[in-house]
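Notes for the structure review
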Amino acid sequence: MTDDARSLVIAVGATAIAALLLGWFLRSYLSERSLRRLQTFFGLPEHSECLLVVSRDTGSDGAVGRNDVLALLELAAVIKNCKATTQLISGETVRQGFGERTEFCVGGPVANRRMADHLRSLLPGVTVDTDAEHGPDRGAFLIGGDRYRLANGSVEYVLLARLTAGQEGRPVFLACGQRPIASQAATRYLVRHHRRLARKHGSGGDFCLLLKVVNSQAYGPDVVELVKDVTRGATSPHPKLTTSKDL
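Keep in mind the model is a prediction, meaning the values are calculated, not measured.

Conventions we followed
- Residues numbered from 1 in each chain as written.
- Predicted model: local features only at pLDDT ≥ 70, side-chain atom pairs only at ≥ 80, totals over all residues.
- Heavy atoms only, no water.
- Phe/Tyr/Trp six-rings, centres within 6.5 Å; stacked < 30°, edge-to-face > 60°.
- Helix = DSSP H or I, 4+ residues; strand = E, 2+ residues; numbered from the N terminus.
- Buried < 20%, exposed > 50% of the residue type's maximum accessible area, 1.4 Å probe, protein only.
- Pairing = 2+ DSSP bridges.
- Axes fitted to C-alpha atoms, helices over the stretch in contact; angles between N-to-C directions.
- Contact = heavy atoms within 4.5 Å.

1. Thoughts on the packing of aromatic side chains
Ring pairs (aromatic) are described by centroid distance and by the angle formed between their planes. For the coordinates displayed, the defined rule picks out seven aromatic pairs. Ring geometry for Phe 42 versus Phe 104: centroids 6.2 Å apart, planes at 45 degrees, classification tilted. With a gap of 62 residues between them, Phe 42 in helix α1 (residues 3-42) and Phe 104 in strand β3 (residues 103-106) connect regions that are remote in the sequence. Ring centres of Tyr 148 and Tyr 157 lie 5.3 Å apart, and the angle between their planes is 65 degrees; on these two criteria the pair is classed as edge-to-face. The pair formed by Tyr 148 and Tyr 157 is uniform in burial state, with each residue classed as buried. Ring pairing ties together the aromatic residues Phe 41, Phe 42, Phe 104, Phe 173 and Phe 207, which thus form one cluster.

As structure tokens, this is what we get:
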């Protein structure tokens with residue numbers, strides 16, 4: 001092999017090695033950036049701990065309900081990807097503030113006392129009709145002047161919120177559904193669309209979205225529509241006088 005050929009082989013080899021190293025660096029950089037964005041949105045730095053707060057299942061001696069279990073599985077994958085750890089706790093027993101650790105609270109205010117407390121503190125503009133004898137308004141959401149009624153298996157609403165409070169500023173995620181399957185649908189929506197939510201509301205931004213689960217008796221939690229962003233109305237106290245609009 002001549003000196004020119006040897007030099008050419010060396011140059012080609014060096015270029016190939018440089019290209020491989022550059023590709024590896026870019027993949028590592030993009031992967032690391034994606035991880036940091038995920039951790040920022042969910043408030044889960046590496047090795048941090050978060051709370052998973054679930055409802056009681058009144059029909060099974062307080063065990064976690066099937067839909068809540070499925071919701072937890074949706075969230076567990078994200079938490080693992082953030083390299084964080086979890087503590088599972090019942091909404092009936094948790095007695096602590098918020099902001100120190102990221103919290104995921106799943107379920108309606110009847111079965112999850114923690115959710116009821118969060119609605120009063122963080123979403124004062126939301127009222128949930130919990131009167132079991134209230135006929136067609138049972139389970140309805142009143143947000144601002146709009147009422148959103150439940151139709152079992154056909155139309156079920158759920159609030160999905162990311163809210164920050166407290167000195168540490170870690171977020172509280174709420175999935176407050178009119179039925180457990182709606183709460184599960186909201187956690188699935190959060191996991192699937194967190195990048196889009198971060199782009200729209202900012203990686204550390206607060207929001208409260210009203211989602212509608214369509215025909216859950218046929219499609220389960222899979223068909224979900226965004227009804228509207230209700231952040232302003234949900235985080236503002238109800239006015240003294242308001243005219244509700246049935247939807």
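2. Some thoughts on the sheet that holds strand β9 (residues 207-214)
Here seven strands make up an open sheet; going across it, the order is β2-β1-β3-β8-β7-β9-β10 and the pairing mixed. Lying at the two open borders of the sheet, with one neighbouring strand each, are β2 (85-90) and β10 (224-229). Taken over all neighbouring pairs, the strand axes of this sheet differ in orientation by 20 degrees on average, direction set aside. Inspection of the sheet shows strand β1 (residues 49-54) paired to β3 by three bridges, in the parallel sense. Note that in β3 the partner of Leu 52 across the bridge is Phe 104. Across the face of the sheet, helix α2 (residues 66-81) comes into contact with β1, β2 and β3 while running at roughly 170 degrees to β1.

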